[in-house]
Amino acid sequence: MRWTTPGPRQWMAIAAMILGVLTASPAHAQALEPFESRWVVVEQEDTLLRSGAAPAWYPVASLGAGTPLLAEGRVGEDWLHVAYPPGTPAVVVIREGALDEEANEVELVARSFLRAFNAERGGTPFRNLLPDRPLSIGDRLPFVEPLRDSIGATVGYIVEAPPEARGYVLAAQVRPATVPEAEAFDRARSAAMPEQNEPSTDNTDAQGGTADPDGQTDGDDQPETEPGQSAPAGDSDDAETPQPGPEPGLGPRTTDQSELIMQEDPLIAELDALDAAFERVQAQSVVEGEFTELAARYRALGERAAAESPETTRLPAYAETRAAVLDLRAEVQSQTRRAAELRAEAERWARGERATTSEPPSGYRLVGVLTASAIYTGAEAALPLLYRVQSSDARVRLTLAYVRPPEGETLDDLLGQTVGVRDGTVLMETGRVPIVEADAIEVLGGIE
């Protein structure tokens, strides 16, 4: 039998079939269920703190027995959502930070979601660490060491993760803290972060490995623990299939250089901006990813390049290739959301409840939760700062609209709050999702 090398279409079909198999598990529909924060204690040596709620997600650190963790939610029966212990590493990609050697800190030069450190691959990060609330320009983080690629070039900075960082551990590998332990952990945490209002903790109703949560939708810091070397572990069924991570960046570009490129060739400048966004979007989870929006932007750029420079075929072909990769993840996303909807429908049927249609309140065109966008971060001139209005169901996080803040301002203080877009609002199209101005939204509820 003669073997022929598969072409691009065949490879995409093979990849689609593999992704379809990987996402067929009902575990994909499991959502984070927050509960009132409570302390737990690691029982097993070399317990892995992972970047996602599945054994396929890479570990960010190996925790020693006795390490206290502040648990804030669970995914399914197996995984707890916990705050990083102090000193746990994270990564700033090089285009988003600048090293201040005198202060031994990394200062952010662009809004950054940070990346979860990869303890298995020399720190190489794949996943956004702060998907809901990026850090701001000018924020500083303690510097640990440079992140280098295979040829020794610096592609990022390993830093100490901020208090907002979260990861996942197996519930079977921790126990509830005793009341005296929890009080001691609270005191230590308050002393380490005197300026922050800390959430109260409650361990009195913990049973077995951990107490059952009460909550629904989305969900930091203890005595110092040294991240160790990770070891292979067989943990549980997938809750989400990890996607291949982006390649490290090519290094920072100054504003003057970006403006020069924009003046010389706006098509290439926009392509560069889309490629930077591509890295950020590839690091998003399947449920949160802005895949269809970015794919539409790539295709629009390819069509414009073909119309303006018919003799140039490389840029349209490259843009279509990137869009096709995003299409694959969008298909996985669609399957994941459909599985979540079927699961919710089955749960309602089991409880004897009727399916209900969700309509926005009177006077509002749409209602959702305001979150950060990985595409429109404002770091690139071609992709100005925008925010996302997402559907409230954590299992099916659809992007309903983008919101443009007033010139020179941000809406960071409203992140996580439920907002409504008033009736009669003019919706402007960019890719696939409409844009509204900030004065068209009203805050309807608290943090989700």
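**Side note on helix α2 (residues 179–192)**
Here α2 spans 20 Å end to end across 14 residues, near enough to the 20 Å set by a 1.5 Å rise per residue. Turning to α2, its buried residues are Ala182, Phe185 and Arg189. Viewed along the axis of α2, the buried residues span an arc of 65°, placing them on a single side of the element. Opposite the buried face of α2, by more than 90 degrees, sit the exposed residues Pro180, Arg187 and Ala191.

**Some details on the packing of helix α4 (residues 266–282) against helix α6 (residues 314–350)**
The N-to-C vectors of α4 and α6 enclose an angle of 20°; their axes lie 12 Å apart at closest approach. Overall, the two elements α4 and α6 adopt an arrangement that is roughly parallel. Regarding α4 and α6, the two cross each other, and that crossing is left-handed. Contact residues: α4 offers Leu267, Ile268, Leu271, Asp275, Phe278, Val281 and Gln282, while α6 offers Leu315, Tyr318, Arg322, Val325, Leu326 and Arg329. Partitioned by chemical class, the residues of the contact of α4 with α6 number nine nonpolar, one polar and three charged.

**A word on the sheet that holds strand β10 (residues 140–148)**
Taking strand neighbours across the sheet as the criterion, the six strands line up as β7-β8-β10-β11-β6-β9 in an open arrangement whose pairing is antiparallel. Among the strands making up the open sheet, the edge pair consists of β7 (97–100) and β9 (115–116). Examined bridge by bridge, β7 and strand β8 (residues 105–108) share four bridges and lie antiparallel to one another. Within the sheet, the bridge partner assigned to leucine 99 lies in β8 and is valine 106.

**Describing the packing of aromatic side chains**
For the structure shown, the criterion picks out four aromatic pairs. Measuring from centroid to centroid gives 6.3 Å for phenylalanine 143 and tyrosine 157, while their planes differ by 75°, and the two rings are edge-to-face. Of the two residues, phenylalanine 143 is situated in strand β10 and tyrosine 157 in strand β11 (residues 154–160); the sequence distance between them amounts to 14 residues. Taking relative accessible area as the criterion, phenylalanine 143 reaches 15% and is therefore assigned buried. With 6.3 Å between their ring centres and 80° between their planes, phenylalanine 278 and tyrosine 298 make a pair best called edge-to-face. With a gap of 20 residues between them, phenylalanine 278 in helix α4 and tyrosine 298 in helix α5 (residues 291–308) connect regions that are remote in the sequence. By relative accessible area, phenylalanine 278 is classed as buried at 9%. Judged by relative accessible area, tyrosine 298 falls into the buried class, the value being 0%.

Basis of the calculations
- Residues numbered from 1 in each chain as written.
- Predicted model: local features only at pLDDT ≥ 70, side-chain atom pairs only at ≥ 80, totals over all residues.
- Heavy atoms only, no water.
- Helix = DSSP H or I, 4+ residues; strand = E, 2+ residues; numbered from the N terminus.
- Expected span 1.5 Å × (residues − 1).
- Buried < 20%, exposed > 50% of the residue type's maximum accessible area, 1.4 Å probe, protein only.
- Arc of directions from axis to C-beta.
- Axes fitted to C-alpha atoms, helices over the stretch in contact; angles between N-to-C directions.
- Parallel < 35°, antiparallel > 145°, perpendicular 65-115°, else oblique.
- Left-handed = near helix turned anticlockwise from the far one by under 90°.
- Contact = heavy atoms within 4.5 Å.
- Nonpolar A, V, L, I, M, F, W, Y, C, P; charged D, E, K, R; others polar.
- Pairing = 2+ DSSP bridges.
- Phe/Tyr/Trp six-rings, centres within 6.5 Å; stacked < 30°, edge-to-face > 60°.

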